[in-house]
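Residue strings, one per chain:
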Protein chains: 2
Amino acid sequence: MEAWKAGLEDVIAGRSAICQVDGEAGRLYYRGYEIGDLTAHVPFEDVTALLWLGELPGAGESERFKARLGAARGLPGPVRDLLQSLPRDTHPLDALRTAVSLAATFDPDTRASDPEANLRKAVRLMILLPETVAAWQRIRNGKTPVSAPTSLSHAAYFLNLVDGHAPSPEVARVLDVVLTLHADHELNASTFAARVAVATLADLHAAIVSAISTLKGPRHGGANEDVLAMLLEIGEPSRAERFVESRLGARAGLSKHERGNPQMRVPGFGHRVYRVDDARARVLRGMAKSMAEATGRQKLFEIAERVYDAMRARTTLPVNVDFFSAVVYDALGIPPDFCTSIFAVGRVAGWCAHALEQFADNRLIRPRAEYIGPAPRAVAAR
Amino acid sequence: MEAWKAGLEDVIAGRSAICQVDGEAGRLYYRGYEIGDLTAHVPFEDVTALLWLGELPGAGESERFKARLGAARGLPGPVRDLLQSLPRDTHPLDALRTAVSLAATFDPDTRASDPEANLRKAVRLMILLPETVAAWQRIRNGKTPVSAPTSLSHAAYFLNLVDGHAPSPEVARVLDVVLTLHADHELNASTFAARVAVATLADLHAAIVSAISTLKGPRHGGANEDVLAMLLEIGEPSRAERFVESRLGARAGLSKHERGNPQMRVPGFGHRVYRVDDARARVLRGMAKSMAEATGRQKLFEIAERVYDAMRARTTLPVNVDFFSAVVYDALGIPPDFCTSIFAVGRVAGWCAHALEQFADNRLIRPRAEYIGPAPRAVAAR
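Predicted, not measured: the structure shown is a model, and the values here were computed from it.

## Let's talk about the relation of the copies chain A and chain B
For the pair of chain copies, the relating operation is a rotation around an axis with a shift along it.
Part 1 of the argument: The operation relating chain A to chain B is a screw motion whose rotation component is 180 degrees, with 0.0 Å of axial translation and a residual RMSD of 0.0 Å. Such a combination of rotation and displacement between the chain copies is what one expects of a two-fold axis. Relative to the rotation axis, the closest C-alpha in chain A is found at S210(A), a distance of 2.1 Å.
Part 2 of the argument: A symmetric contact is evident, with 100% of the interface residues of chain A recurring at the interface of chain B.

## Here's the deal with the sheet that holds strand β2 (residues 19–22) of chain A
Residues and elements named next belong to chain A.
Part 1 of the argument: On the basis of which strands lie adjacent, the open sheet formed by 3 strands has the order β2-β3-β4 and antiparallel pairing. Edge positions in the open sheet fall to β2 and β4 (33–34), since each of these has one partner strand only.
Part 2 of the argument: Two strands pair when backbone bridges link them, and β2 and strand β3 (residues 27–30) are joined in this way by 4 bridges, in the antiparallel orientation. Paired with V21 across the bridge in β3 is L28.

## Remarks on helix α11 (residues 222–234) of chain A
All names here are of chain A.
Part 1 of the argument: Between the first and last C-alpha of α11 there are 19 Å, a value that for 13 residues agrees with the 18 Å anticipated at 1.5 Å per step.
Part 2 of the argument: Of all the residues in α11, the buried ones are G222, A223, N224, E225, V227, L228, M230, L231 and I234.
Part 3 of the argument: Tucked into the core, α11 has its buried residues touching α8 (169–182), α10 (204–215), α12 (240–249), α15 (298–314), α16 (321–331) and α17 (339–360).
Part 4 of the argument: In the stretch just after α11, G235 is the one whose phi turns positive, near 80 degrees.

## Details of the side chain of T200(A)
Part 1 of the argument: Tracing the sequence through the fold places T200(A) in the loop between α9 (189–198) and α10.
Part 2 of the argument: Side-chain polar atoms of T200(A) contact the backbone oxygen of A197(A), separated by 2.8 Å.
Part 3 of the argument: Reaching out from T200(A), the side chain makes a polar contact with the backbone nitrogen of A202(A) at a distance of 3.3 Å.
Part 4 of the argument: Not counting chain neighbours up to four residues away, the residues in contact with T200(A) comprise L364(A), A189(B), T214(B), G217(B), P218(B), R219(B) and H220(B).

## Looking at the domain arrangement of chain A
Residues and elements named next belong to chain A.
Part 1 of the argument: When the domains of chain A are assigned, the result is domain 1 (19–215 + 339–360) and domain 2 (223–331).
Part 2 of the argument: Distance between the C-alpha centres of domain 1 and domain 2: 26 Å.
Part 3 of the argument: In this assembly, 22 residues from domain 1 lie in contact with 22 residues from domain 2.
Part 4 of the argument: Summed over both sides, the interface of domain 1 with domain 2 buries roughly 1,800 Å², with 67% coming from carbon and sulfur.
Part 5 of the argument: In terms of surface lost to domain 2, no three residues of domain 1 exceed G26, L181 and C339, which account for 28% of the buried area on that side.
Part 6 of the argument: Here domain 1 and domain 2 share 0 salt bridges between them.
Part 7 of the argument: The interface formed by domain 1 and domain 2 includes 5 residue pairs in polar contact (both at pLDDT 80 or more).
Part 8 of the argument: By residue class, the composition of the side of domain 1 that touches domain 2 is 11 nonpolar, 6 polar and 5 charged.

Reading guide: rules and limits
Residues numbered from 1 in each chain as written. Chains lettered and ligands numbered in written order. Predicted model: local features only at pLDDT ≥ 70, side-chain atom pairs only at ≥ 80, totals over all residues. Heavy atoms only, no water. Least-squares fit on C-alpha atoms with pLDDT ≥ 70 in both. Contact = heavy atoms within 4.5 Å. Pairing = 2+ DSSP bridges. Helix = DSSP H or I, 4+ residues; strand = E, 2+ residues; numbered from the N terminus. Expected span 1.5 Å × (residues − 1). Buried < 20%, exposed > 50% of the residue type's maximum accessible area, 1.4 Å probe, protein only. Polar contact = N/O pair within 3.5 Å; in protein donor to acceptor, adjacent residues only side chain to side chain. Domains from an automatic or database assignment. Buried area = accessible area lost by both parts, 1.4 Å probe. Salt bridge = Lys/Arg side-chain N within 4 Å of Asp/Glu carboxyl O. Nonpolar A, V, L, I, M, F, W, Y, C, P; charged D, E, K, R; others polar.

Structure (structure tokens):
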């Protein structure tokens with residue numbers, strides 16, 4: 001065995017034709033298309049088709065793909081019953097994970113590695129996630145889940161399910177862009193978890209449950225929940241600088257690794273792959289600014305800008321996708337513990353794309369550990 | 001970036017003091033103790049304490065650890081309600097995964113990375129798995145879940161929960177050994193999945209849900225289900241040889257990778273790490289023989305022996321843990337689709353050990369992919 005890198009940093013775990021991350025330049029491409037080009041010109045449904053099938057759909061294909069998604073809409077009865085039985089303080093990610101796991105028990109396609117069956121499952125999962133996330137957001141707030149007009153785009157449909165009425169075209173467009181920005185990111189931890197599950201030939205639902213389990217952590221999708229909570233805690237732009245100062249100086253309660261890493265203390269900064277601010281963060285910052293102006297919730301944006309400046313002055317850490325997305329979520333009226341669910345509603349497109357790619361050319365993902373425990377020894381007489 | 005190995009074969013993903021696998025010699029050690037030494041002298045509860053805490057417990061510690069496990073016994077009401085609501089044909093692993101995901105919603109410890117809280121969670125998970133597996137086995141067969149005397153060992157307690165009565169000491173001992181044999185195996189796919197989830201600082205329940213999701217696949221825990229189904233399908237010892245012959249010759253419906261790998265066609269043979277029959281398989285073969293004699297279910301053992309001989313004559317693949325464990329499960333009266341659940345009841349000890357180790361010295365597990373997709377291109381006018 002050879003030298004190894006902690007956390008598999010920069011270690012290649014497989015080939016993929018889906019997503020390219022240029023960490024030095026802060027660029028991101030889906031199937032060759034730059035992320036800013038996609039958010040400017042392509043709706044999320046077409047981005048999903050691109051991720052799954054390899055090419056942007058033509059007009060007819062796009063309509064057919066949207067019709068498939070549309071036909072899958074609706075909250076399954078058993079999922080509704082489950083959500084209604086959960087404690088109201090259940091974290092939305094826990095509710096989502098349990099619901100998707102349950103949905104496997106009534107999925108009509110039983111063959112785990114049949115490509116056509118998996119495309120049907122992926123379509124159902126693309127819808128199951130927003131339906132579940134929206135229903136839980138209503139149920140935990142004492143409201144009844146609603147349905148929504150089938151004519152709406154994926155983003156508008158989801159917002160309607162959450163709010164009980166159709167969003168303005170501007171707000172729907174913001175969420176459409178947010179979903180595309182979160183749709184894929186190469187072998188991030190949750191996507192890698194999905195591929196590890198598929199590589200045992202577990203079924204697609206199992207893979208998505210594994211991905212949701214892994215997304216929850218604050219070192220991954222859970223980070224934007226922490227960002228929004230932090231910005232709300234700061235409360236006033238004038239307090240941002242001192243807050244950053246004190247977080248960067250904090251050492252108590254941190255592990256050795258955390259103490260050495262400032263991004264462990266100010267969520268929304270630092271990334272395993274990016275060395276500069278990434279393209280997603282740039283798009284989100286622009287949107288956060290216009291949303292803040294449009295909704296009058298400018299204070300949080302100002303706090304975010306102050307935190308951003310304070311971090312730039314003190315560290316070389318790039319801002320990441322979680323930071324300004326939290327401001328956008330706040331402007332959309334989304335509470336902190338709901339942020340990671342929105343991330344999942346976008347990322348499920350990429351999870352499914354990677355699962356389909358893994359099924360198509362599979363090999364068990366099974367690394368080794370360097371053993372550092374006791375030498376061989378015998379059990380003493382007992 | 002560097003050259004890479006498909007499936008992370010032989011790639012070191014981290015350090016661990018828990019388990020050592022010697023693939024060349026077919027040896028397995030937990031914390032330095034050889035697996036045969038442990039199964040001969042140490043009950044599963046003490047093996048669990050060894051995996052979690054690093055040393056075999058002394059007599060007093062052992063009693064205290066067993067008392068902690070004992071105090072956690074009982075099927076939580078919400079899990080019982082969930083199981084009773086599932087379709088009867090739900091796969092036991094799907095039921096288990098959903099139940100553990102649900103249990104996160106009422107777990108009293110909320111801090112994800114507090115070591116003491118995680119030990120309490122691990123104790124609850126050690127019990128939740130056998131309780132859930134046994135309850136679902138009864139419910140899906142139209143029976144009511146039962147409780148069992150608290151004086152029983154972990155293995156005997158589980159069998160009592162399944163069967164409604166205490167097992168004989170001999171049968172309890174067989175299951176105790178089976179659980180120890182399955183308790184850990186370094187960075188197997190499900191354990192690796194648990195560590196990937198923990199590395200995002202997701203909570204312990206999320207990590208175990210991810211592990212169960214990953215265990216399900218027939219290239220991992222799902223294999224012993226396939227072995228038992230295969231042995232039952234063969235039906236007669238005289239048909240074993242021809243069956244193996246025809247499976248090894250089959251090419252239709254297999255991927256390129258599967259065609260090149262005979263173990264993809266005869267479950268129970270071949271392993272990513274072992275080059276020879278492993279120690280677990282040797283222990284299980286002996287147990288399978290005595291169990292078959294004791295229960296009079298000798299035919300299945302004979303079929304297994306014939307398959308084993310036929311594979312030895314035709315391939316260099318070692319027999320693995322899944323092969324003879326299937327015969328043992330059959331002798332215990334366990335149906336094929338219940339086998340992987342037994343695997344989980346043992347392996348949860350190792351999943352928790354690795355999760356605790358990952359929490360104690362964490363770093364995000366996030367590899368890279370080699371991009372093989374289209375070169376940068378612009379979205380055409382739409």
